[in-house]
Each structure stands twice: as structure tokens, then as C-alpha cells.
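Residues per chain are reported as follows:
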Number of protein chains: 2
Amino acid sequence: MDSVYRVAADEPRRGPGRRAGESRTREAILDAARRRFGEQGYDGATIRGIAADAGVNPALVHHFYGTKERLFAAAMRLPVVPSEIITFALGAERDRLGDEFQPRIGEVLIAAMLRAWDVADIRTAFLALLRSAATSEQGVAMLREFVTSTILASLIQVAGLGDDAESRYRATLVASQVIGLGFARYVLGLEPLASATAGDLVAAIGPTMQRYLTGDIGPADLSS
Amino acid sequence: MDSVYRVAADEPRRGPGRRAGESRTREAILDAARRRFGEQGYDGATIRGIAADAGVNPALVHHFYGTKERLFAAAMRLPVVPSEIITFALGAERDRLGDEFQPRIGEVLIAAMLRAWDVADIRTAFLALLRSAATSEQGVAMLREFVTSTILASLIQVAGLGDDAESRYRATLVASQVIGLGFARYVLGLEPLASATAGDLVAAIGPTMQRYLTGDIGPADLSS
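Treat the numbers as computed from the prediction; the structure is a model and nothing was measured.

How each quantity is defined
Residues numbered from 1 in each chain as written. Chains lettered and ligands numbered in written order. Predicted model: local features only at pLDDT ≥ 70, side-chain atom pairs only at ≥ 80, totals over all residues. Heavy atoms only, no water. Helix = DSSP H or I, 4+ residues; strand = E, 2+ residues; numbered from the N terminus. Contact = heavy atoms within 4.5 Å. Areas by Shrake-Rupley, 256 points an atom, 1.4 Å probe, with all protein chains shown as cover. Lys, Arg positive; Asp, Glu negative; His and termini not counted. Charge placed at Lys NZ, Arg CZ, Asp CG, Glu CD. Phe/Tyr/Trp six-rings, centres within 6.5 Å; stacked < 30°, edge-to-face > 60°. Lys NZ or Arg CZ within 6 Å of the ring centre and 35° of its normal. Buried area = accessible area lost by both parts, 1.4 Å probe. Salt bridge = Lys/Arg side-chain N within 4 Å of Asp/Glu carboxyl O. Polar contact = N/O pair within 3.5 Å; in protein donor to acceptor, adjacent residues only side chain to side chain. Nonpolar A, V, L, I, M, F, W, Y, C, P; charged D, E, K, R; others polar. Least-squares fit on C-alpha atoms with pLDDT ≥ 70 in both. Expected span 1.5 Å × (residues − 1). Buried < 20%, exposed > 50% of the residue type's maximum accessible area, 1.4 Å probe, protein only. Core = buried A, V, L, I, M, F, W, Y, C linked by side-chain atoms within 4.5 Å. Axes fitted to C-alpha atoms, helices over the stretch in contact; angles between N-to-C directions. Left-handed = near helix turned anticlockwise from the far one by under 90°. Parallel < 35°, antiparallel > 145°, perpendicular 65-115°, else oblique.

**Observations concerning the overall build of chain A**
In terms of regular secondary structure, chain A is built from 11 helices and 0 strands. Along the chain direction, N to C, the helices and strands of chain A fall in the order α-α-α-α-α-α-α-α-α-α-α. Relative to all contacts within chain A whose residues are 6 or more apart in sequence, the contacts with residues 24 or more apart total 63%. With an accessible surface of roughly 10,200 Å², chain A has 51% of that area assigned to carbon and sulfur atoms. Computing the positive centroid from 25 side-chain charges and the negative centroid from 27, chain A places the two 8 Å apart.

**Remarks on the packing of aromatic side chains**
Any pair of aromatic rings gets described here by the distance separating the centres and the angle formed by the planes. All chains considered together, the criterion is met by 17 aromatic pairs over all chains. Considering the side-chain rings of Phe64(A) and Tyr65(A), the 6.1 Å spacing of their centres and the 80 degrees angle between planes classify their relative orientation as edge-to-face. Aromatic ring contacts, followed pair by pair, group Phe37(A), Tyr42(A), Phe72(A) and Phe146(A) into a single cluster. Cation over ring: Arg26(B) sits above Tyr65(B), and NZ or CZ is 5.5 Å from the ring centre. Residue placement shows Lys68(B) over the ring face of Tyr42(B); its charged tip is 5.0 Å from the ring centre.

**A short note on the interface of chain A and chain B**
Taken residue by residue, the interface counts 49 residues in chain A and 49 residues in chain B. Taking both sides of the interface into account, the surface hidden between chain A and chain B amounts to around 3,900 Å²; carbon and sulfur atoms contribute 64%. Summed over the shared surface of chain A and chain B, the result is 0 salt bridges. At the boundary of chain A with chain B, the tally comes to 17 residue pairs in polar contact (both at pLDDT 80 or more). Of all elements in the fold, only helix H8 (120-135), helix H9 (137-158), helix H10 (165-188) and helix H11 (198-214) of chain A reach the threshold of two or more residues within the side of chain A that touches chain B. Of all the elements, H10(A) adds the most residues to the side of chain A that touches chain B, at 15 residues. Tallied by class, residues from the side of chain A that touches chain B come to 31 nonpolar, 11 polar and 7 charged.

**Points about the relation of the copies chain A and chain B**
You can overlay chain A on chain B at an RMSD of 0.0 Å; the transform is a turn of 180 degrees with a shift of 0.0 Å along its axis. Here the symmetry operator amounts to a two-fold rotation axis. Within chain A, the C-alpha atom positioned nearest to the axis of rotation is that of Gly180(A), 1.7 Å from it. Interface residue correspondence from chain A to chain B reaches 100%, placing this contact among same-surface, isologous pairings.

**Considerations on helix H6 (residues 82-97) of chain B**
All names here are of chain B. The terminal C-alpha atoms of H6 lie 22 Å apart, and with 16 residues this matches the ideal 22 Å at 1.5 Å per residue to within 8%. Looking at H6, one finds that the buried residues are Pro 82, Ser 83, Ile 86, Ala 89, Leu 90, Gly 91, Glu 93 and Leu 97. As for H6, its buried residues are in contact with helix H5 (68-75), helix H7 (105-118) and helix H9 (137-158). Just beyond H6, the residue with positive phi is Gly 98, at close to 60 degrees.

**Re the nonpolar core**
Grouped together as the largest cluster of nonpolar side chains are 148 residues, with contacts concentrated most on Ile29(A), Leu71(A), Phe183(A), Ile29(B), Leu71(B) and Phe183(B). Beyond its immediate sequence surroundings of up to four residues, Ile29(B) is in contact with Ile50(B), Ala54(B), Val56(B), Leu60(B), Val61(B), Phe64(B), Tyr65(B) and Leu71(B).

**Some words on the environment of Arg94(A)**
Residue and element names in this part refer to chain A. With respect to the secondary-structure elements, Arg 94 resides in helix H6 (residues 82-97). Exposure remark for Arg 94: the relative accessible area of 37% places this residue in the partly exposed category. Residues Arg 94 and Leu 201, 107 residues apart in the sequence, show an inter-C-alpha distance of 21 Å. Apart from residues no more than four positions distant in its own chain, Arg 94 is found in contact with Phe 101 and Val 158.

**A word on the packing of H7(B) against helix H10 (residues 165-188) of chain B**
Residues and elements named next belong to chain B. Two numbers describe how H7 lies on H10: the axes approach to 12 Å, and their chain directions differ by 35 degrees. Seen along the crossing, H7 lies across H10 with a hand that is right-handed. Within the contact between the two elements, H7 uses Leu 109, Ile 110, Met 113, Leu 114 and Trp 117 and H10 uses Val 174, Val 178, Leu 181, Gly 182, Arg 185 and Tyr 186. Classifying every residue of the contact of H7 with H10 gives 9 nonpolar, 1 polar and 1 charged.

**Examining the side chain of Arg36(A)**
All names here are of chain A. As for its placement among the helices and strands, Arg 36 is situated in helix H2 (residues 17-44). Of note is the side chain of Arg 36, whose polar atom sits 2.8 Å from the side chain of Asp 53. In this structure Arg 36 touches Gly 41, Ala 45, Gly 49, Ile 50 and Asp 53, once residues within four positions along its chain are discounted.

**Some points on the packing of helix H3 (residues 47-54) of chain B against helix H4 (residues 58-65) of chain B**
The description of two packed helices rests on the angle between their axes and on the distance between the axes. Residues and elements named next belong to chain B. The interhelical angle for the contact between H3 and H4, taken along N-to-C directions, is 105 degrees, at an axis separation of 8 Å. With respect to their mutual orientation, H3 and H4 come out roughly perpendicular. Contact residues: Ile 47, Arg 48 and Ala 51 in H3; Pro 58, Val 61 and His 62 in H4. Class assignment of the residues belonging to the contact of H3 with H4 gives a composition of 4 nonpolar, 1 polar and 1 charged.

**Re H10(B)**
It helps to recall that an α-helix has 3.6 residues per turn; residues three or four apart then point in one direction. Residues and elements named next belong to chain B. Taking 1.5 Å as the rise per residue, H10 with 24 residues should run 34 Å; its terminal C-alpha atoms sit 32 Å apart, in good agreement. Among the 24 residues in H10, 20 count as buried, and that is most of the element. Taking the backbone nitrogen of Glu 166 as reference, a side-chain oxygen 3.3 Å away marks Asp 164 as the first, capping residue of H10. Just beyond H10, the residue with positive phi is Gly 189, at close to 65 degrees.

Have a look at this one:
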């Protein structure tokens, strides 16, 4: 494995400069990642291409960041890896609730989202992503693919939905209410929504999430 | 009434210059309105103060624009006056549906919103307001007050809700879903939501609007 570390040309092999060299290499990778994600979108950018731009071996990028989503999260300075949080938070509730999980997934989901927003760094990152989507065409394309390929995909999986258009429609309906809640509560600060308790919001919005995920949403023509 | 027209110092009383003078006066009023709304918010700004800044009689501002909301809409270059659209669109459906209006207000509301967004100018203005809220602290305060004092107030009235905290909470829940739908569909372009038909969305989201406005949303503590 040691050879993986010695790919970057400017990286010293040992001694006090080692840490600074690794730090420079990581910065070069993150710079290349931001550029590639911005230009090619989340789906289009590859770890291979990013490594080539940064002048390092792809194995080093994998070693540092593990997955494309983790690299994206690091490049965008996200405080968490969204799909891991979803899988972790909802997976824990699924284990705890057993058969009660599926019929209560709506309230579980909105409660988890509100807990995440209570963490200042996560709320700040969420709002920064909304802002970048609202102001930059490039930001929009990147964020759309990122949300679809990671956040919605992990939501679909943890909710036990299938790999089909209806499941994706259900997940995007959920996303619309979550995004709107975040925007109305934290960006606009519409009262009394903005200072409603988490308990109030779970009671009001949980059933919406539940119906979007598992209930009757009407016969949708998603063939287009 | 003619004296009302002759308040602006630079406005010629007759002849071919009259139209240009009125146009300059209107621009001065709109400039003053943008400044006052931005600095004092929608609620804080007054027609009297705006008229003073523009060097005209308040009666002239009333004559040109009628209401503060119409002046705001003109200053922000909104293609419509939001509360008038709500009152008009929902009022027409209320007359048509009679006793069936209240139990179907959710689908009526989301269908009206989707029809409004189909008009390019309205969609553009909606997205511009979201953007200004997402990027400017000043824009946020102004927009929050405008949305609360005009859009949500007219929604509460046409829905037959009361003048209390629970009604305002219901209206802000509706706003959260509408804003999120607009953001997910038109800004992010999340698929398949972005290309779902209006009929699909009315079937999926109408019941959400209905429950937020008239259904069980849990016991909310809105005393704060």
C-alpha cells in the first residue's frame, strides 16, 4: 500500500515534510474534483479523471476518500456524507422499530431531517447547496445529479422501495416537501412554521412523507 | 383630481412631454419604493414615506398604484399581484364548486399554482423571488413580510380560515410544500417530478394541501 502514497510528484517520502506534502496532494485532488464536478456534473465526473487532473494515481484518491460521494462531500466541504447519514439514521430506527418501521417511516424521516438541521454545520451546508442551486446553472446540474444518485437513491433503498420510476417519483415528492420545509423555515423564516417545535412538525408533515413513500399518490403517468 | 397629477416638480402640465414626465415620475416612485421596501421591509415601508422620497404627493402614488401590494409588485417587476391572483383563481372555483369547494380546496390550490407556473413570466418572477431570498439578507426580510402580509393572508381568507396562530401555521405548511415543489421542479429539475403532468401532481400533492388547510395536523403548541 505504501506505493499508493508516493504517487504525487511533490510528496516527500518521510520526515516532517510528509504531512505538508500529503496536505498539498489532498488540496490538489479537491481542486481537481471541484473543477470536474462543476464541468461534468456528479455523474459525469470520474475519480480517474480527477486523479489525472491532480497528477496522482486513482488509487490514491480511493485511498484518501473511499467513494466518489465522499470525495464530493470533501470537495464541497459538506460536514457529513448525506447518504451515509440517511442509511445510518434510518437504519438504526429500522432495527429499533422492526415491523413498525415501514408504517412509521414518514415521521421517522422528517424527525431525522429536523435533528440533522439542528446541527449548525449541517444546516449551513444544506442552505449553501440550496443557494448554489438557486444562483448557478452549473451548480444546479451538479446538485441535481448528486441528490438523485446519492440522497434519493439511499432514501429509496432504506425505505424498501423498488428500482423503478414510481419509486423515484415518490422520492422526489419527499424531496420537494423536505426542501420546501427547509426553505420556508430556515431561509424565509415564515412564522409560525419557523419556530414550531420538531414534535409539531413531525405530527404535521410525517403523514405527508408517509403517503408520498408508501401511500396512495394517484395513478401517475411517468412514461415520459 | 388634476392637481394630483401636477405634484411632481418636473412634470409638464400638457403637450407631448406629458407622457415622458409621467413616466419619469413613475420611475422615481418605483426607485423610492425599491429602496424603502429593501431598507424597511414590506410592513415597515409606507406609501407616505415612498412618496416623500420621490418628491410627490402620496395621493399620486395611490392614484398610480392603488395599494401598497400593487406598488410592491410594480417595483419588483412582478407580472401579477399575487394576492389578487389567489383571490381571483380560488374565488372563481369557490363560486363554481359551491359546497364542494372547501373539501377540494387542496387540489384546487395546487392546480391553480401549477397553472400560474405555466405562465413563463410568473414562473420567472417566482424563481427570481426565491433567488433573492436565498442570496440576500435584505431580500429575505422583505420577502418574508410580503409573503405573510399578502399571499398567506389572502390564502387564509379565501380558504375560510380564521385570524389565529393555527390558521397561519396551516398557511405556512402549505407554503412550504408549494415552495419546495417549485424549487424541486423548476430550479433543481429533479426527475421524474420535473416532468410529471399537472394531473399527476394534483393527485399526489392535493391531499397534502387539503390536510394542511382543513385536516388533522396534530396538536401544535404555537404559543411561542
